[in-house]
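What follows is the residue order along each chain.
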Amino acid sequence: EGQLEFRAILFCPKRAPFDMFEGGTKKKWNHIKLYVRRVFIMDNCEDLMPEWLQFVKGVVDSEDLPLNISRETLQQNKIL
C-alpha cells in the first residue's frame with residue numbers, strides 16, 4: 001500500500017557478546033533508536049530487531065511514519 005522508506009546506521013561488533021543466548025528474567029535492551037523526520041521517538045524499539053540480535057546497535061530514521069501520535073500508538077503501528 002505504498003512505498004516506505006527507512007534509513008539506518010547499524011553497528012555489528014566483530015564478536016557477539018558471551019551472554020547472547022542466556023535466558024532469564026532480565027529483559028535485554030536492543031539499543032536501536034527510532035527517529036521520525038530526525039525527531040527522537042523511542043529508545044528501545046523492540047519491533048525493529050529480533051531478540052537474538054540485541055547486540056546490534058544503531059539508529060533508524062523514517063520519513064513515512066506519523067510524527068504527531070504518542071509512543072504507545074506508534075508501537076501498535078502496522079508499518080513497523
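Procedures and definitions
Residues numbered from 1 in each chain as written. Predicted model: local features only at pLDDT ≥ 70, side-chain atom pairs only at ≥ 80, totals over all residues. Heavy atoms only, no water. Pairing = 2+ DSSP bridges. Helix = DSSP H or I, 4+ residues; strand = E, 2+ residues; numbered from the N terminus. Axes fitted to C-alpha atoms, helices over the stretch in contact; angles between N-to-C directions. Buried < 20%, exposed > 50% of the residue type's maximum accessible area, 1.4 Å probe, protein only. pLDDT = per-residue confidence, 0-100. Core = buried A, V, L, I, M, F, W, Y, C linked by side-chain atoms within 4.5 Å. Phe/Tyr/Trp six-rings, centres within 6.5 Å; stacked < 30°, edge-to-face > 60°.

This paragraph deals with the sheet that holds strand 3 (residues 39-42). Taken in spatial order, the four strands of this open sheet run 1-4-2-3, and their pairing is mixed. The sheet is open, and its two edges are formed by strand 1 (6-11) and strand 3, each paired on a single side. Strand-to-strand twist of the sheet, defined as the mean angle between neighbouring strand axes without regard to direction, takes the value 25°. Alignment of strand 2 (residues 32-36) against strand 3, held across three bridges, turns out to be antiparallel. Bridge pairing links valine 36 to valine 39 in strand 3.

With that settled, the discussion passes to the pairing of strand 2. Every second residue of strand 2 is oriented toward a common face, the buried set being Ile32, Leu34 and Val36 and the non-buried set Lys33 and Tyr35. Bridge count for strand 2 against strand 4 (residues 57-62) is five bridges, and the pairing is parallel. When the sheet's bridge partners are listed, leucine 34 is paired in strand 4 with valine 60. Hairpin connection between strand 2 and strand 3: a loop of two residues separates the two successive antiparallel strands, and arginine 37 in this loop has a positive phi of roughly 50°.

Take unusual backbone geometry next. Positive phi is not limited to glycine here, since arginine 37 has a value of about 50°. With respect to the element layout, arginine 37 can be found in the loop between strand 2 and strand 3. Judged by relative accessible area, which is 38%, arginine 37 ranks as partly exposed.

Confidence along the protein averages 76 in pLDDT terms, with 72% of residues attaining 70 or more. When mean pLDDT is compared element by element in the protein, strand 1 scores highest at 91, while helix 1 (residues 71-75) scores lowest at 60.

Take the nonpolar core next. One recurring pattern in soluble globular proteins is that nonpolar side chains are buried together. Counting 13 residues, the largest nonpolar core has Leu34, Ile41, Met42, Met49, Leu53, Phe55 and Val56 as its most contacted members. Of all elements in the fold, only strand 2 and strand 3 reach the threshold of two or more residues within this core. Among the elements that take part in this core, strand 2 stands out by supplying three residues, more than any other.

Time to look at the packing of aromatic side chains. Counted under the stated rule, the structure contains one aromatic pair. Taking the centre distance of 5.4 Å and the plane angle of 65° together, the rings of tyrosine 35 and phenylalanine 40 count as edge-to-face. The exposure class of tyrosine 35 is partly exposed, given its relative accessible area of 24%. The partly exposed category is assigned to phenylalanine 40, whose relative accessible area is 36%.

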